[in-house]
Structure formats: C-alpha cells, structure tokens
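Residue strings, one per chain:
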Amino acid sequence: MNPSIPPLPSPQPREEAIQAAVLAATRAFHRREASRPLSQLEFLRQQSRFLHKRWWLLQAGVLGLLWWLLQIAGSTAEVQRAMGTLAPLFVVLVLPELWKNRASGALEIECTSYYSLRQVYAARMILFGLVDLVLLTLFFSVALLAGKTTVRELIIHFLLPFLVTCCICLRTLSCRQDFALYTAVPLCLAWTAVWVLLILNSKVYALISLPMWLGMLAGAALYFLYAIYHLQTTCETIWEETPAWN
C-alpha cells in the first residue's frame, strides 16, 4: 500500500437504512412466531419453566410449619396468632418471582418481546394462583378433617390477612418507582404486627362481629381484584420510569 495515498473513508451507515433493517427483522420475527402460535396452556407451560420451584416448596414448608403449630397449640388465641403471622409470609414468598424482571433490569427487553409484559405477568400470577390454590385446599381440608380449626377461623385468621398481604404486594409491584419494590416486605411486616396486636387485644377483638369480619374480607377481596387489574393495565408503562433506561 502506497503511504502517499490516503485511505478511503469508511462508508457511514444511513439512519433510514438501519430503521428499514430493524423493521424488516421485526416483521420477519412476528411472521415466524405467528406461523406457530402457542396455545394458552402451552404458553403457561413455557412460562412455568422460568419460575424457580423452590418458592413453592418454601410455601409448602410454611403450611407445614402452621400445621405443626396447630398440633401443639393449646388455645384458640395461639392458633389465631399462628395463622395471622404465617399467612403474610406465605404471600411474601411469591414476590421474588414477580419482581425479578424489575430487579434485573429486564423490563425493556420483555416489553419488546413477542409476548407482551401483560401476558407474562398474567401467566406468572395464574401459575402461582393455581399452585397456591392446590396447597391451600389441601391444607384447609386436612386441618378441618383433623378438627384442628374451624371454617370461621380459617376465613378470618388466615384468609383475611392473606388477602390484605396480597393487596400490599400487588400495589407496590405496580408502582413505577423502583424503591417501592423494597417497601413491600416492611409494609407486610407492619401489617402483620398490626394484625397480631388486634388479635391480642381481647377487648377490641370482642367488639368485631362476624358481619364486620365478612365485610372486611369482602373489601379486601374486591381491592385484591382491583390491584390485579391495575397491575395488568400499567405493567407495560412501568419500565419508562426505570432509571436504568433513562
């Protein structure tokens, strides 16, 4: 190469050519995926492979611990405290799998995938809901058949704190600020403390009638459904507020 001859300038990529290539690749990807669509069951099965099963084992362990406490409980008050304390823990174990995409900074990637972030969140909640339903059904059935508790105690002292904890976790998950994720566990601990104090205060506890308990349960259930709806409608805009991408 003659040093007196200057090197030729490298061609500069054109922005319109880059955008056209990206658009063509996107369309080809969508055509490929549309040619072999997954059924709903196949999509759920596919998503289940990405979930760590250890959280389900830990949830089963929480119910096993609660069963052991029911075995050794000597009074109704001890049963109430055991259920009210362990019900939030049963829910908190779901959090790592629900917020792992935000914790790892993968929201923008998931938002650009073929399946929407709404579908991914829905699949995770359905899978956890199905497994939790099986676990709780087995636990409730065994506890009732063994005579360790009653339907009223299960509904008031387990299901109510369970639903309130679900509401706290889902609402913090749907917040756009990342720091809100780390407030879920402290808020659940605070709620557990309030619940235990309520149970321990005999005078206040005696003032709450069964219709009042059922009213609180219905309110928690309605807000739980609203929290799910809110998460599903806002999940695809959460990543816009993530500092990693701004």
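Given the structure is predicted, the values throughout are model-derived calculations rather than measurements. (Residues numbered from 1 in each chain as written. Predicted model: local features only at pLDDT ≥ 70, side-chain atom pairs only at ≥ 80, totals over all residues. Heavy atoms only, no water.)

A. A look at the packing of aromatic side chains. A complete count under the given rule lists 11 aromatic pairs for this structure. The interplanar angle of 65° and the centroid separation of 5.4 Å between the aromatic rings of Trp56 and Phe128 together place this pair among those described as edge-to-face. Taken together, the residues span a long stretch of sequence, with Trp56 in helix α3 (residues 54-72) and Phe128 in helix α8 (residues 117-145) at a distance of 72 residues. On the basis of relative accessibility, which here comes to 14%, the residue Trp56 falls in the buried class. (Phe/Tyr/Trp six-rings, centres within 6.5 Å; stacked < 30°, edge-to-face > 60°. Helix = DSSP H or I, 4+ residues; strand = E, 2+ residues; numbered from the N terminus. Buried < 20%, exposed > 50% of the residue type's maximum accessible area, 1.4 Å probe, protein only.)

B. Inspection of the side chain of Thr165 at higher detail. As for its position among the elements, Thr165 is in helix α9 (residues 151-173). At 3.5 Å, the side chain of Thr165 and the side chain of Trp191 are in polar contact. The contacts of Thr165, once residues within four sequence positions are left out, are Pro88, Val91, Val92, Cys188 and Trp191. (Polar contact = N/O pair within 3.5 Å; in protein donor to acceptor, adjacent residues only side chain to side chain. Contact = heavy atoms within 4.5 Å.)

C. Seen up close, the layout of surface pockets. Taken as a whole, the largest pocket holds about 420 Å³ of empty space. Taken together, 21 residues form the lining of the largest pocket, with Gly129, Asp132, Phe162, Cys166 and Phe224 sitting closest to its centre. Broken down by secondary-structure element, the contributors of at least two residues to the lining of the largest pocket are α4 (76-92), α5 (95-98), α8, α9 and α12 (210-234). Top element by residues in the lining of the largest pocket is α8. It accounts for 8 residues. Here the lining of the largest pocket is built from residues that sort into 18 nonpolar, 2 polar and 1 charged. (1 Å grid on protein atoms, 1.4 Å probe; cavity = no way out; pocket = protein on both sides within 12 Å on 5 of 7 lines; lining within 4 Å. Points joined across faces, edges and corners; volume = space filled by probe spheres on them. Nonpolar A, V, L, I, M, F, W, Y, C, P; charged D, E, K, R; others polar.)

D. Here's a closer look at the packing of α9 against helix α10 (residues 184-200). Closest axis-to-axis distance for the α9/α10 pair is 10 Å, and the angle between their directions is 155°. Compared by their axis directions, α9 and α10 come out roughly antiparallel. Crossing geometry of α9 relative to α10 is assigned as right-handed. Contacts between α9 and α10 pair Ile156, His157, Leu160, Pro161, Val164, Thr165, Ile168, Cys169 and Thr172 from the former with Ala184, Leu187, Cys188, Trp191, Trp195 and Ile199 from the latter. (Axes fitted to C-alpha atoms, helices over the stretch in contact; angles between N-to-C directions. Parallel < 35°, antiparallel > 145°, perpendicular 65-115°, else oblique. Left-handed = near helix turned anticlockwise from the far one by under 90°.)

E. Expanded view of α12. Between its first and last C-alpha, α12 extends 36 Å over 25 residues, near the 36 Å set by a 1.5 Å rise per residue. For α12, every residue scored as buried is listed here: Trp213, Leu217, Ala220, Ala227, His230, Leu231, Gln232 and Thr234. (Expected span 1.5 Å × (residues − 1).)

F. Here's a closer look at the environment of Ser141. Mapping Ser141 onto the fold places it in helix α8. What makes Ser141 partly exposed here is its relative accessible area of 34%. Sequence spacing of Ser141 and Val151 is 10 residues, and the spatial spacing of their C-alpha atoms is 9.9 Å. A polar contact of 2.7 Å, which involves the side chain of Ser141, links it to the backbone oxygen of Thr137.

G. Summary view of the side chain of Asp132. The residue Asp132 is located in helix α8 in this model. Ignoring anything within four residues of it in the chain, the contact list for Asp132 reads Trp56, Gln59, Phe90 and Val94.

H. Quick peek at the nonpolar core. Of all hydrophobic cores here, the largest spans 55 residues; its most connected members are Phe158 and Phe162. Contributions of two or more residues to this core are made by α2 (40-48), α3, α4, α5, α8, α9, α10 and α12. A total of 12 residues in this core trace back to one element, the largest contributor, which is α9. What Phe162 contacts, discounting residues up to four positions off in sequence, is Ala87, Phe90, Val91 and Leu136. (Core = buried A, V, L, I, M, F, W, Y, C linked by side-chain atoms within 4.5 Å.)

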